[in-house]
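Residue-level listing of the chains:
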Amino acid sequence: MRTKLLAVAAALLLASAGTTFAQDQAADTAFNQNIWANIGFSTSSVTGDRARFDRFSDLRKNGLALDLFGEKVTPDLRVRFGGQHVGYDDQMLVAAINAGGKVKASVSFDGQPLNYGFKDDGYVRTPYDADYKLDYATRAAVQAGTAVAVPGNPSQRTSFLGFYHPIDLKSLRNTVDGKFLFSPTEQVDLSFHVKTFTRQGTQPWGASYGFSQAVEIAAPVDNRTSDVEGKLEWGNQRGAVNVGFAHSQFDNHIQELVWDSPYRVTDTTASNAYTTGNGTSQGRLSLPPSNTEDTFSGTAVGRMARRTTVAANFAVSTLKQNGTIIPFTINTAIPTIPLERDTAEAKVDVATFGLNFTSRPAPKLWLKGRYRYFNHDNKTPTFNGEEYVRLDQVLEETGGETDQLNITQNQLTLGMAYNALPHASFKVDYGRNAIDRTHREFATTTENSIKFSVDSVGSPLLTLRSSYEYAKRTGSGFDEAILTDAGQQPDMRHYDVANRNRNRGTVLFTVTPNEKTDVTFSVAAGKDTYPGQEFGLLNNNNQAYTVGFDVFPNDMVTFSVLYGYEKYTNMMKSRNASPGATFVDPAYDWYDNADEKVNSFSASLDLIKAIQKTDIRFGYDYSKSDANFIYSGPNIDRLTALGQFDQLPTNLNRFNRATVDVRYYFTSRTALSLAYWFDKYDVDDFATPEPAPGGSQPRVDPQGALLLGYFVRPYTAHTGFFRVLMFF
């Protein structure tokens, strides 16, 4: 399929050409010339986590690369075309045509890899084969008690260790995007937009059976999303109207996943199987189902007297999903639970309406208003889940019918701006956001906010942007049973509907003492508090500061420096207790205080023709993050005294990147470019298991787990580029 899409994109690229390229700088350079080409060779050397270095790109160890952009312009026709990193997973191909403004068409092809681990690195590995099967004899020995499935202590090793083999853990998304616009008159536009992308490969997936162990597998990915949209628009100086229809379809070619349990080859069940995971011989789950969305929409804009504009829009959508419902369990030792229906029959109707108003009734006064209505109406029939099976292990009868979750939102914003002084604007904005939800502890949440802003722009010496916002969200219609029926504490609140007070402020100013220097400073702070609740997120605070300056003494030299500091803190409270006496015992309370600090620094120096025929660019970026999770409270103290709890160590991340790019112009149409990147990532993450005895590679079988080896690991990378640039 990928070859087919590439052939289609390449044919269109050669047939016509050009669009607005994502790589603006390269495109601008190209379109000042007729054709711009970049033929180059790159090489990279990576020590450590090569996939993390090459997460969203395709920087192969050694490879030739071609970039090509160009255009041809006549009085009645403009053709653009281009390609970047042609032949690689992250390639981009584009083409567009503009025939006198009456017909515009474009097509693009874009590749986007997502790399978790490469087979030839040997870090990511699994004991499962391509059909998600484990060695039968070893599983039978585990069931008989003569082998180890998941280590129970640090000295043990899994008996499946000899079957671990390296795998590629990655996926590739290929996107084809086509647009067409026909304008038969100056007032009428007819447009079509078609976009489709496929994603294929594998990704990490949790496949655990109980609380006592964790199992990871490389889940398959093979899906396609296709969007088709058409729109008809009419407009003149007094207003505009458009109507449109859109269809979106997601097709998942793998909707069910079955894999072997490392514990058993035969099925059984027991009251404790939910905790131990020792019950079923296989696991089964549904993957994201295929679904569709159809939307009909329209917009009307009218321009009135006194510089007033009113716009209204609406959209009506239907979302459908009718995937096959898998049985409650694959465990043959558990009696079959009849399904109420074979397919989901899921349907949701969504309606939105918006109204916008802007006016300038006086030379120094601006008024604005915005209203938005949103309704999510779930029409999926309820499904009886009173009897169900936990993790394919144990039959339970504590469930119930599914809930139809519905949302209705009314959002209003009113604002005013007044230019009281030259180059200065004072603004006030009021907002109200009311949301009704079904089957949540608060039936309605209403948030009122007020925002004050002072901006000063246009002055040759100072640019200032500042704002302060206060918002208060209050819930009503509280239903305690929503929490208690789910086994949750009645005094707990979920942060997205809980009562909340929010304060946020920002100040950004740039001082320009002369035409060759800019100094920028910014500060931002925010604080969220959740009053009146006992458990859940209690507060969330953040601050950010930046300072930087740019110096450009002449057209040949530019120097920039920027430093930033960020701090994020929050506190959560919970109670580690089971139903019974401990459920209401504050001795089981505990707190989690999260604290993260980030320091960042960047610098750049550009020397453009400071040396004859030569451009030199230097760049450096550095960031350091340290995150702490500090646990406290009676329950933590009790567990620590029993020797059952240790504080987590600090999580440290450091990243360094240094780049240099030298470009020498032999002629105005030919140049040679040499570039070098140095990347270094250091990490100390408590989530990475300790190395195996006698080795530096993290264990894939730490206590209580069988893992893929997909860990956060450091890397050091050296990348070199040699390019020949030609302009025709």
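Model, not experiment: these values are computed from the prediction.

## Regarding the overall build of the chain
Assigned secondary structure in the chain consists of seven helices and 33 strands. Along the first, second and third principal axes, the C-alpha atoms of the chain reach 80 × 60 × 55 Å. Put simply, the chain has 728 residues, and 37% of those count as buried. A sequence separation of at least 24 residues applies to 65% of the contacts in the chain between residues at least 6 apart. Just so you have it, the chain exposes about 37,800 Å², and 57% of that area is on carbon and sulfur atoms. In the chain, the 71 positive side-chain charges and the 79 negative ones have mean positions that sit 8 Å from each other.

## Here we look at the pattern of salt bridges
One pass over the full model with this rule turns up 28 salt bridges. We note a salt bridge from D49 to R713, for which the minimum N-O separation is 3.4 Å. With D49 in the loop between β1 (35–48) and α3 (50–53) and R713 in the loop between β32 (705–706) and β33 (715–727), the pair connects residues that are 664 residues apart, well separated along the chain. Residue R713 is classed as buried on the basis of its relative accessible area of 9%.

## Topic: unusual backbone geometry
Backbone geometry at D392 places phi at a positive 60°, although glycine is not the residue there. Here D392 is to be found in the loop between β18 (388–390) and β19 (394–396). Even without glycine at this site, H423 takes up a positive phi of about 65°. Inspection of the secondary structure puts H423 in the loop between β20 (407–421) and β21 (424–437).

## Notes on helix α4 (residues 136–144)
Inspection of α4 places T138, R139 and V142 among the buried residues, and these make up the whole buried set. Projection of α4 onto a plane perpendicular to its axis shows the buried side chains occupying an angular sector of 100°, all on one side. Opposite its buried face, α4 presents the exposed residues Y136, A137 and A144, each directed more than 90 degrees away. Looking at the buried side of α4, the elements it contacts are β12 (256–260). In the segment just after α4, G145 is the residue with positive phi, at about 85°.

## Quick notes on the environment of V497
Mapped onto the elements of the fold, V497 is located in the loop between α6 (481–484) and β24 (500–514). Residue class for V497 comes out buried when judged on its relative accessible area of 0%. Here the alpha-carbon distance between V497 and W234, two residues 263 residues apart in the chain, equals 42 Å. When near neighbours in sequence (up to four residues on either side) are disregarded, V497 contacts R437, R440, E441, F442, T445 and R473.

## Looking at a nonpolar patch on the surface
Together, L232, V243, F245, F296, F314, V316, F353 and L355 make up an exposed nonpolar region whose accessible area comes to about 670 Å². At the level of elements, β11 (239–252), β15 (308–321) and β16 (346–362) are the ones that each hand at least two residues to the nonpolar patch. Within the secondary structure, F245 sits in strand β11.

## Details of the side chain of Q203
Turning to its location among the elements, Q203 is positioned in strand β9 (residues 188–206). Here the side chain of Q203 touches R199 through a polar contact of 3.3 Å, side chain to side chain. If we skip the residues at most four places from it in the chain, Q203 touches Y116, L169, I217, A218, A219 and V221.

## Considerations on the packing of aromatic side chains
In the structure shown here, the tally under the stated rule is 18 aromatic pairs. Ring centres of F629 and F686 lie 6.1 Å apart, and the angle between their planes is 85°; this geometry places the pair in the edge-to-face category. In this pair, F629 sits in strand β29 (residues 614–632) while F686 sits in the loop between β31 (670–684) and β32, placing the two residues 57 residues apart along the sequence. Grouping aromatic residues by their ring pairs yields a cluster made of F53, Y681 and Y715. A cation over a ring is seen here: R713 above Y123, with NZ or CZ 3.3 Å from the ring centre.

## A word on helix α7 (residues 634–641)
Three or more residues of α7 are buried, namely N635, I636 and L639. Here the buried residues of α7 occupy an arc of 100° about the axis, which is enough to place them on one side. Across from the buried face of α7, at angles greater than 90 degrees, the exposed residues are D637 and A641. In the core, the buried residues of α7 are packed alongside β28 (589–611) and β29. Immediately beyond the C-terminal end of α7, within one or two residues, lies G643, with a positive phi of roughly 75°.

## Observations regarding the environment of P586
Looking at the element boundaries, P586 is found in the loop between β27 (557–575) and β28. Here the alpha-carbon distance between P586 and F678, two residues 92 residues apart in the chain, equals 53 Å. Other than its neighbours up to four places away in sequence, P586 contacts R575 and P634.

## Things to note about a negative patch on the surface
A cluster of acidic side chains, namely D479, E480, D485 and D491, defines a negative patch on the protein surface. Structurally, E480 is set in the loop between β23 (462–478) and α6. For E480, a relative accessible area of 41% puts it in the partly exposed group.

## Notes on the pairing of β27
As paired elements, strand β26 (residues 536–554) and β27 share 16 bridges and run antiparallel to each other. The residue of β27 that forms the bridge with N554 is V557. Following β26, the chain reverses through two residues before pairing antiparallel with β27. Two strands pair when backbone bridges link them, and β27 and β28 are joined in this way by 19 bridges, in the antiparallel orientation. Looking at β28, one finds that T558 is bridged to D606.

## So, the nonpolar core
Membership of the largest hydrophobic core comes to 20 residues, with the highest contact counts inside it found for Y128, Y132, A149, I217, L257 and W259. Every element with two or more residues in this core is listed here: β10 (214–236) and β12. Element by element, the count of residues in this core is highest for β10, at three residues.

## Things to note about the confidence of the model for the chain
Here the chain shows a mean pLDDT of 91. Residues at 70 or above account for 95%. Counted against residues more than four places away or in other chains, residues 1–33, with its pLDDT under 50, gives 69 contacts.

## Structural notes on the environment of V551
Here V551 shows up in strand β26. Residue classification places V551 among the partly exposed residues on the basis of a relative accessible area of 26%.

## A word on the side chain of N115
With respect to the element layout, N115 can be found in strand β5 (residues 103–117). From its side chain, N115 meets the backbone oxygen of S57 in a polar contact 3.3 Å long. Discounting residues that sit within four places of it in the chain, N115 has contacts with A51, D54, R55, S57, L169 and K170.

## Looking at the pairing of strand β25 (residues 517–529)
Taken together, the twelve bridges between β24 and β25 define a ladder with antiparallel strand orientation. In the strand pairing of β25, N503 is matched with K527. Taking the residues between adjacent antiparallel strands as the criterion, β24 and β25 are bridged by two residues. Examined bridge by bridge, β25 and β26 share 13 bridges and lie antiparallel to one another. In the strand pairing of β26, V523 is matched with Y545. Remark: six residues form the turn of the hairpin made by β25 and β26, two consecutive strands paired antiparallel; G532 in that turn has positive phi of roughly 75°.

Calculation criteria
- Residues numbered from 1 in each chain as written.
- Predicted model: local features only at pLDDT ≥ 70, side-chain atom pairs only at ≥ 80, totals over all residues.
- Heavy atoms only, no water.
- Helix = DSSP H or I, 4+ residues; strand = E, 2+ residues; numbered from the N terminus.
- Buried < 20%, exposed > 50% of the residue type's maximum accessible area, 1.4 Å probe, protein only.
- Contact = heavy atoms within 4.5 Å.
- Areas by Shrake-Rupley, 256 points an atom, 1.4 Å probe, with all protein chains shown as cover.
- Lys, Arg positive; Asp, Glu negative; His and termini not counted.
- Charge placed at Lys NZ, Arg CZ, Asp CG, Glu CD.
- Salt bridge = Lys/Arg side-chain N within 4 Å of Asp/Glu carboxyl O.
- Arc of directions from axis to C-beta.
- Patch = residues over 30% accessible without salt bridge, like charges linked within 9 Å, V, L, I, M, F, W, Y side chains within 5 Å.
- Polar contact = N/O pair within 3.5 Å; in protein donor to acceptor, adjacent residues only side chain to side chain.
- Phe/Tyr/Trp six-rings, centres within 6.5 Å; stacked < 30°, edge-to-face > 60°.
- Lys NZ or Arg CZ within 6 Å of the ring centre and 35° of its normal.
- Pairing = 2+ DSSP bridges.
- Core = buried A, V, L, I, M, F, W, Y, C linked by side-chain atoms within 4.5 Å.
- pLDDT = per-residue confidence, 0-100.

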